[in-house]
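The lines below spell out each chain.
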Amino acid sequence: MITSVRVDGTTLNAIMVNPVILQPGQNSIVIKFNNVSQLTPGTSYIITLTLNVGGNLTEVKAVATYYP
């Protein structure tokens, strides 16, 4: 389960993640942030997802592209 998402190098934290449950393999998720004026449309960013896996919190880095 995804418990939080942030954009590395910024102060942006997700206000909505859908879906919050990941499945084995490739996943596609939609993440919404407030005040994204510092992001450039079509640009890829490194994000950090905090996951709850069996009660243990772990951080995973991923690449996300910003689409307004």
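Residues numbered from 1 in each chain as written. Predicted model: local features only at pLDDT ≥ 70, side-chain atom pairs only at ≥ 80, totals over all residues. Heavy atoms only, no water.

This part is about the overall build of the chain. Counting secondary structure elements, the chain contains zero helices and five strands. Element order for the chain, N to C, with α for helix and β for strand: β-β-β-β-β. Expected size for 68 residues packed as a compact globule is a radius of gyration near 11 Å; at 12 Å, the chain falls within 12% of this value. In terms of overall dimensions, the chain has C-alpha extents of about 35 × 20 × 20 Å along its principal axes. Burial analysis of the chain (68 residues in total) assigns 22% to the buried set. Counting every atom, the chain has about 4700 Å² of accessible surface; 53% of that belongs to carbon and sulfur. (Helix = DSSP H or I, 4+ residues; strand = E, 2+ residues; numbered from the N terminus. Rg over C-alpha atoms; globule rule 2.2 N^0.38 Å. Buried < 20%, exposed > 50% of the residue type's maximum accessible area, 1.4 Å probe, protein only. Areas by Shrake-Rupley, 256 points an atom, 1.4 Å probe, with all protein chains shown as cover.)

In this structure, Val5 and Val7 are the most contacted members of the largest nonpolar core, which totals 13 residues. Those elements that provide at least two residues to this core are strand 1 (2-7), strand 3 (30-33) and strand 4 (44-53). Top element by residues in this core is strand 4. It accounts for four residues. Aside from chain neighbours lying at most four places away, what touches Val5 is Leu12, Asn13, Ala14, Val17, Ile31, Phe33, Ile47, Thr48 and Leu49. (Core = buried A, V, L, I, M, F, W, Y, C linked by side-chain atoms within 4.5 Å. Contact = heavy atoms within 4.5 Å.)

Residues at a pLDDT of 70 or more form 100% of the chain, whose mean pLDDT is 95. Taken element by element, the chain is modelled with least confidence in strand 3, mean pLDDT 94, and with most confidence in strand 1, mean pLDDT 98. (pLDDT = per-residue confidence, 0-100.)

What follows concerns the environment of Ile2. Counting through the fold element by element, Ile2 comes out in strand 1. Considering only alpha carbons, one finds Ile2 and Thr50, 48 residues apart in sequence, at a separation of 5.9 Å. Discounting chain neighbours no more than four positions away, the residues touching Ile2 are Val17, Pro19, Val20, Leu22, Ile29, Leu49, Thr50 and Leu51.

With that settled, consider a nonpolar patch on the surface. Residues Met1, Val20 and Ile21 make up a contiguous nonpolar surface patch of about 250 Å² in total accessible area. Of note, Met1 is situated in the segment before strand 1. (Patch = residues over 30% accessible without salt bridge, like charges linked within 9 Å, V, L, I, M, F, W, Y side chains within 5 Å. Salt bridge = Lys/Arg side-chain N within 4 Å of Asp/Glu carboxyl O.)

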